[in-house]
Amino acid sequence: MVASPTGQDCWHIVPPRPLRVLCLRHTGEGEFWLNTWRTLTALLFEWGLAGPHTRAVGVLYDLPDRPDGGIRYDACLSVDQADVIEGDVWRCLDSVRGLRYEVIMSEAPLARVGSRHSRRLTDMSVTSGTWAKKPRRGSGLGAPLYEVYPCSPIFLEGDVPVVEWYQTVHAAQDGPVRCGSGGSGGLGGSGGSIGSGGSVGELVSRRHRGHDTRSS
């Protein structure tokens, strides 16, 4: 266990926890974040990809002090690869603008934060608990930040509890990574961005090979 520089949190350094997800990007103000979750959740149910083991994860690329007040945020729902690669599902996935297949939480160690917080359903603001302060330059912790929810937020009322959350551990001399907008590079590409990097079919093939190589 490691104490944070602010003295408010403690975290455990844990290995990468690869999770295959379908995700949609939300950018801008927090009050519209549920629209992204509604779209993504409806797609998984429509295509029969949702089930009792589906996990909901929010990926934040910007810390709370972003000057323009906007955020870059991915709504993610876990999927079984065997279900995704079936031919009929393939064609549906590739036809949805902005829908990406990602393997998240896989490229670097993670700092699992011991504190808990919740987000207000209506505008995404933090309503309780301790939210991450901006890491000191060279601290080795930063974005992407991963929030694990009990389910898709659209099924909740009031606040959205964050049951687990993680910061990404980077090389200490590099400081926090500035993540891209998702337009290029792909998972583990230059600049630490998690981007689209091509069609859903190309992503699964390329990232499945890469994950197998790292696991061997």
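Here the structure is shown first, and the text comes after it.
This text gives an overview of the structure that appears in the document. A quick note: this is a predicted structure, and the numbers were derived from the prediction, not measured.

## Observations regarding helix α1 (residues 33–46)
If you check α1, its first and last C-alpha atoms are 20 Å apart, about what 14 residues at 1.5 Å a residue would give, namely 20 Å. All buried positions along α1 are accounted for by W33, L34, T36, W37, L40, T41, L43 and L44. Looking at the buried side of α1, the elements it contacts are β3 (19–28), β4 (56–60), β5 (71–78), β8 (117–120), β10 (141–149) and β11 (159–162). Of the residues one or two after α1, G48 is the one with positive phi, at around 70 degrees.

## Some words on the nonpolar core
L22, W33, W37, L40, Y73, L99 and Y149 are the most contacted members of the largest nonpolar core, which has 34 residues in total. For this core, the secondary-structure elements that each account for two or more residues are β3, α1, β4, β5, α3 (87–94), β6 (100–104), β10 and β11. Sort the elements by how many residues they give to this core and α1 lands first, with six residues. With near-sequence residues (within four places) excluded, W37 lies in contact with A56, V57, Y73, A75, C76, L77, Y149, S152, P153 and I154. One finds V21, C23, Y61 and L110 within the second-largest nonpolar core, a separate group that totals 14 residues.

## Quick notes on the pattern of salt bridges
In total, this model carries six salt bridges according to the counting rule given. For D74, the salt bridge is made with R25, and the minimal N-O distance between the two is 2.4 Å. One end of the pair, D74, is in strand β5; the other, R25, is in strand β3, and 49 residues separate them in sequence. A salt bridge links E102 to R100; the shortest N-O distance between them is 2.9 Å. This pair shows no difference in class: E102 is buried, exactly as R100 is. Overlapping salt bridges, with partners in common, bring together R25, D74, R100 and E102 in one network.

## Here we look at a nonpolar patch on the surface
A grouping of F45, I154 and F155 is seen on the molecular surface, where their side chains present a nonpolar patch of about 310 Å² in accessible area. Note on placement: I154 falls in the loop between β10 and β11.

## Here's the deal with the sheet that holds β8
With antiparallel pairing, three strands are arranged side by side in an open sheet as β9-β8-β11. In this open sheet, the two edge strands, each paired with only one partner strand, are β9 (126–129) and β11. Direction aside, the axes of adjacent strands within the sheet are offset by 25 degrees on average. Direction of pairing for β8 relative to β11: antiparallel, over a ladder of four bridges. Paired with H117 across the bridge in β11 is V162.

## A look at the environment of Y73
By secondary structure assignment, the location of Y73 is in strand β5. We classify Y73 as buried; its relative accessible area is 0%. Taking the C-alpha atoms as reference points, Y73 and C23, 50 residues apart in sequence, are found 9.9 Å from one another. Not counting chain neighbours up to four residues away, the residues in contact with Y73 comprise L24, R25, H26, W33, W37, G58, V59, L60, Y61, M124 and Y149.

## Considerations on the pairing of β4
In terms of burial, β4 is largely enclosed, as five of its five residues are buried. Neither face of β4 is left uncovered, since the one carrying A56, G58 and L60 and the one carrying V57 and V59 both have all their residues buried. Note: β4 against β5, five bridges, orientation antiparallel. By the bridge assignment for β5, G58 is matched with A75. Note: β4 against β10, five bridges, orientation antiparallel. Bridge pairing in β10 links A56 to Y149.

Reading the values: rules and limits
Residues numbered from 1 in each chain as written. Predicted model: local features only at pLDDT ≥ 70, side-chain atom pairs only at ≥ 80, totals over all residues. Heavy atoms only, no water. Helix = DSSP H or I, 4+ residues; strand = E, 2+ residues; numbered from the N terminus. Expected span 1.5 Å × (residues − 1). Buried < 20%, exposed > 50% of the residue type's maximum accessible area, 1.4 Å probe, protein only. Contact = heavy atoms within 4.5 Å. Core = buried A, V, L, I, M, F, W, Y, C linked by side-chain atoms within 4.5 Å. Salt bridge = Lys/Arg side-chain N within 4 Å of Asp/Glu carboxyl O. Patch = residues over 30% accessible without salt bridge, like charges linked within 9 Å, V, L, I, M, F, W, Y side chains within 5 Å. Areas by Shrake-Rupley, 256 points an atom, 1.4 Å probe, with all protein chains shown as cover. Pairing = 2+ DSSP bridges. Axes fitted to C-alpha atoms, helices over the stretch in contact; angles between N-to-C directions.

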